[in-house]
Amino acid sequence: MIRMAKRNEFKPDKMGGSFLGKLYLTKNQRKTILKWSLYALVLLIVSLLQDVVLCKLDILGATTDLVPVGITLVCLLEGAQRGCIFTAIASALFVFSGGAPGMYSMVFLTFLVILISIFRQAYLQKGFGTALLCVSVCLLLYEMANFAMGLFLGLTSGRYFAASVVTAVLSVVSVPVLYPICLSIESIGGETWKE
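Residues numbered from 1 in each chain as written. Predicted model: local features only at pLDDT ≥ 70, side-chain atom pairs only at ≥ 80, totals over all residues. Heavy atoms only, no water.

Q: Whenever I open this one, the overall build of the protein chain confuses me. Can you help?
A: Counting its secondary structure elements, the protein chain contains nine helices and zero strands. Mapped in sequence order, the helices and strands of the protein chain form the string α-α-α-α-α-α-α-α-α. By the burial criterion, 37% of the 195 residues in the protein chain qualify as buried. Nonlocal contacts in the protein chain, meaning residues at least 24 apart in sequence, comprise 71% of its contacts between residues at least 6 apart. A total of about 12,100 Å² of accessible surface is found on the protein chain, and carbon and sulfur atoms cover 69% of it. (Helix = DSSP H or I, 4+ residues; strand = E, 2+ residues; numbered from the N terminus. Buried < 20%, exposed > 50% of the residue type's maximum accessible area, 1.4 Å probe, protein only. Contact = heavy atoms within 4.5 Å. Areas by Shrake-Rupley, 256 points an atom, 1.4 Å probe, with all protein chains shown as cover.)

Structure follows, in C-alpha coordinates:
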(Lines give C-alpha, C1' and ligand atoms only; values in the text may rest on other atoms or scores of the structure.)
Protein backbone atom coordinates (compact mmCIF):
# COMPACT_ATOMS: atom_id res chain seq x y z
CA MET A 1 0.00 0.00 0.00
CA ILE A 2 2.85 2.41 0.84
CA ARG A 3 4.57 1.45 -2.34
CA MET A 4 1.47 2.31 -4.39
CA ALA A 5 1.06 5.68 -2.67
CA LYS A 6 4.66 6.63 -3.52
CA ARG A 7 4.16 5.63 -7.13
CA ASN A 8 1.14 7.95 -7.53
CA GLU A 9 2.64 10.82 -5.51
CA PHE A 10 4.70 12.31 -8.35
CA LYS A 11 3.04 13.01 -11.67
CA PRO A 12 5.29 14.35 -14.42
CA ASP A 13 4.07 17.10 -16.74
CA LYS A 14 2.35 16.04 -19.88
CA MET A 15 4.66 16.00 -22.84
CA GLY A 16 3.60 17.21 -26.24
CA GLY A 17 1.42 20.05 -27.34
CA SER A 18 2.38 22.98 -29.45
CA PHE A 19 4.56 25.90 -28.50
CA LEU A 20 1.63 28.27 -28.87
CA GLY A 21 -0.39 26.08 -26.54
CA LYS A 22 2.19 26.64 -23.81
CA LEU A 23 2.55 30.35 -24.57
CA TYR A 24 -0.31 32.20 -22.97
CA LEU A 25 -1.28 35.50 -24.54
CA THR A 26 -4.26 37.48 -23.42
CA LYS A 27 -6.80 38.70 -25.94
CA ASN A 28 -5.48 42.25 -25.61
CA GLN A 29 -1.89 41.11 -26.22
CA ARG A 30 -2.97 39.24 -29.35
CA LYS A 31 -4.74 42.34 -30.63
CA THR A 32 -1.66 44.45 -29.94
CA ILE A 33 0.59 42.01 -31.82
CA LEU A 34 -1.89 41.98 -34.71
CA LYS A 35 -2.05 45.78 -34.81
CA TRP A 36 1.72 46.34 -34.95
CA SER A 37 2.15 43.48 -37.43
CA LEU A 38 -0.43 45.07 -39.73
CA TYR A 39 1.33 48.44 -39.44
CA ALA A 40 4.60 46.77 -40.41
CA LEU A 41 2.89 45.00 -43.31
CA VAL A 42 1.43 48.29 -44.58
CA LEU A 43 4.86 49.92 -44.44
CA LEU A 44 6.39 46.94 -46.24
CA ILE A 45 3.77 47.16 -49.01
CA VAL A 46 4.25 50.93 -49.26
CA SER A 47 8.02 50.46 -49.46
CA LEU A 48 7.67 47.86 -52.22
CA LEU A 49 5.23 50.06 -54.11
CA GLN A 50 7.63 52.98 -53.78
CA ASP A 51 10.73 51.08 -54.86
CA VAL A 52 9.19 49.04 -57.69
CA VAL A 53 6.43 51.12 -59.25
CA LEU A 54 6.51 54.74 -58.16
CA CYS A 55 10.26 55.20 -58.51
CA LYS A 56 9.68 55.32 -62.27
CA LEU A 57 7.31 58.28 -61.86
CA ASP A 58 9.28 61.48 -62.52
CA ILE A 59 7.64 64.90 -62.27
CA LEU A 60 10.05 67.84 -62.52
CA GLY A 61 12.90 65.58 -61.42
CA ALA A 62 11.03 64.41 -58.31
CA THR A 63 9.32 61.23 -57.22
CA THR A 64 7.29 60.19 -54.19
CA ASP A 65 8.59 59.31 -50.72
CA LEU A 66 5.80 57.18 -49.24
CA VAL A 67 7.54 55.40 -46.36
CA PRO A 68 8.00 58.60 -44.30
CA VAL A 69 4.30 59.34 -44.90
CA GLY A 70 3.34 55.93 -43.50
CA ILE A 71 5.66 56.25 -40.51
CA THR A 72 4.28 59.71 -39.75
CA LEU A 73 0.67 58.55 -39.98
CA VAL A 74 1.26 55.63 -37.63
CA CYS A 75 2.93 57.86 -35.06
CA LEU A 76 0.17 60.47 -35.33
CA LEU A 77 -2.57 57.89 -34.86
CA GLU A 78 -0.89 55.99 -32.04
CA GLY A 79 0.23 59.05 -30.11
CA ALA A 80 3.67 60.17 -29.08
CA GLN A 81 4.30 57.54 -26.41
CA ARG A 82 3.66 54.42 -28.47
CA GLY A 83 4.44 55.95 -31.82
CA CYS A 84 7.95 57.12 -30.95
CA ILE A 85 9.23 53.58 -30.48
CA PHE A 86 7.67 52.47 -33.75
CA THR A 87 9.06 55.56 -35.49
CA ALA A 88 12.61 54.92 -34.28
CA ILE A 89 12.53 51.27 -35.35
CA ALA A 90 10.77 51.92 -38.67
CA SER A 91 13.05 54.80 -39.65
CA ALA A 92 16.12 52.70 -38.83
CA LEU A 93 14.79 49.88 -41.02
CA PHE A 94 13.97 52.43 -43.74
CA VAL A 95 17.56 53.66 -43.73
CA PHE A 96 19.07 50.18 -43.63
CA SER A 97 16.81 49.00 -46.47
CA GLY A 98 18.46 51.54 -48.76
CA GLY A 99 15.37 53.63 -49.41
CA ALA A 100 16.55 56.70 -47.51
CA PRO A 101 19.11 59.21 -48.84
CA GLY A 102 21.54 58.58 -45.99
CA MET A 103 22.02 57.70 -42.34
CA TYR A 104 21.12 61.24 -41.32
CA SER A 105 17.58 60.62 -42.59
CA MET A 106 16.93 58.33 -39.64
CA VAL A 107 17.63 61.14 -37.19
CA PHE A 108 15.63 63.71 -39.17
CA LEU A 109 12.63 61.46 -39.62
CA THR A 110 12.50 60.23 -36.03
CA PHE A 111 12.99 63.70 -34.54
CA LEU A 112 10.47 65.45 -36.81
CA VAL A 113 7.77 62.80 -36.56
CA ILE A 114 7.94 62.70 -32.77
CA LEU A 115 7.84 66.51 -32.53
CA ILE A 116 4.86 66.74 -34.88
CA SER A 117 3.09 63.95 -32.99
CA ILE A 118 3.61 65.68 -29.64
CA PHE A 119 2.37 68.97 -31.11
CA ARG A 120 -0.72 67.34 -32.58
CA GLN A 121 -1.56 65.47 -29.40
CA ALA A 122 -1.14 68.61 -27.28
CA TYR A 123 -2.81 71.25 -29.44
CA LEU A 124 -4.89 69.70 -32.22
CA GLN A 125 -7.89 67.40 -32.36
CA LYS A 126 -7.86 63.97 -33.89
CA GLY A 127 -9.11 63.94 -37.47
CA PHE A 128 -8.17 63.73 -41.11
CA GLY A 129 -7.59 67.47 -41.54
CA THR A 130 -5.09 67.70 -38.73
CA ALA A 131 -3.38 64.51 -39.87
CA LEU A 132 -3.03 65.93 -43.39
CA LEU A 133 -1.65 69.21 -42.01
CA CYS A 134 0.83 67.46 -39.72
CA VAL A 135 2.02 65.05 -42.41
CA SER A 136 2.43 67.94 -44.86
CA VAL A 137 4.53 69.98 -42.42
CA CYS A 138 6.58 66.97 -41.37
CA LEU A 139 7.29 65.83 -44.94
CA LEU A 140 8.23 69.32 -46.07
CA LEU A 141 10.63 69.75 -43.14
CA TYR A 142 12.02 66.25 -43.70
CA GLU A 143 12.69 66.86 -47.39
CA MET A 144 14.24 70.27 -46.64
CA ALA A 145 16.48 68.77 -43.96
CA ASN A 146 17.62 66.03 -46.37
CA PHE A 147 18.23 68.63 -49.07
CA ALA A 148 20.24 70.84 -46.69
CA MET A 149 22.35 67.86 -45.59
CA GLY A 150 22.89 66.92 -49.23
CA LEU A 151 24.09 70.45 -49.95
CA PHE A 152 26.37 70.38 -46.91
CA LEU A 153 27.90 67.05 -47.94
CA GLY A 154 28.18 68.08 -51.58
CA LEU A 155 25.80 65.36 -52.79
CA THR A 156 23.41 67.76 -54.54
CA SER A 157 23.25 71.29 -55.86
CA GLY A 158 20.89 74.19 -55.24
CA ARG A 159 19.00 73.68 -58.48
CA TYR A 160 17.33 70.58 -57.01
CA PHE A 161 15.51 72.57 -54.33
CA ALA A 162 12.28 72.57 -56.34
CA ALA A 163 12.54 68.79 -56.74
CA SER A 164 12.62 68.42 -52.96
CA VAL A 165 9.47 70.51 -52.59
CA VAL A 166 7.72 68.57 -55.36
CA THR A 167 8.71 65.29 -53.66
CA ALA A 168 7.07 66.47 -50.44
CA VAL A 169 3.90 67.51 -52.30
CA LEU A 170 3.69 64.26 -54.29
CA SER A 171 4.16 62.28 -51.08
CA VAL A 172 1.41 64.15 -49.24
CA VAL A 173 -1.01 63.28 -52.08
CA SER A 174 -0.92 59.67 -50.79
CA VAL A 175 -2.34 60.62 -47.38
CA PRO A 176 -6.03 60.23 -48.40
CA VAL A 177 -5.25 56.64 -49.45
CA LEU A 178 -3.09 55.65 -46.47
CA TYR A 179 -5.07 57.43 -43.73
CA PRO A 180 -8.19 55.18 -43.80
CA ILE A 181 -6.02 52.06 -43.86
CA CYS A 182 -3.95 53.18 -40.87
CA LEU A 183 -7.06 54.44 -39.06
CA SER A 184 -8.77 51.06 -39.39
CA ILE A 185 -5.64 49.33 -38.06
CA GLU A 186 -5.45 51.83 -35.20
CA SER A 187 -8.99 50.90 -34.09
CA ILE A 188 -7.90 47.32 -33.34
CA GLY A 189 -7.87 46.92 -29.58
CA GLY A 190 -9.73 50.12 -28.73
CA GLU A 191 -8.96 53.81 -28.91
CA THR A 192 -5.58 55.17 -27.85
CA TRP A 193 -6.76 58.68 -27.18
CA LYS A 194 -9.07 59.31 -24.23
CA GLU A 195 -11.05 62.40 -25.14
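Q: I keep staring at the environment of Phe 86 and nothing clicks. Help me out?
A: On the secondary structure map, Phe 86 appears in helix H5 (residues 80–96). Under the relative-accessibility criterion, Phe 86 is labelled buried at 14%. In this structure, the C-alpha to C-alpha distance between Phe 86 and Trp 36, residues 50 residues apart in sequence, is 8.6 Å. If sequence neighbours within four positions are ignored, Phe 86 has contacts with Trp 36, Tyr 39, Leu 43 and Val 74.

Q: Teacher, can you tell me more about the pattern of salt bridges here?
A: Opposite charge on two side chains allows them to pair when their charged atoms are near. Inspection of the entire model under this criterion finds three salt bridges. We note a salt bridge from Arg 82 to Glu 78, for which the minimum N-O separation is 3.6 Å. We classify Glu 78 as buried; its relative accessible area is 1%. As a salt-bridge pair, Lys 126 and Glu 186 come within 3.2 Å of each other at their nearest N and O atoms. (Salt bridge = Lys/Arg side-chain N within 4 Å of Asp/Glu carboxyl O.)

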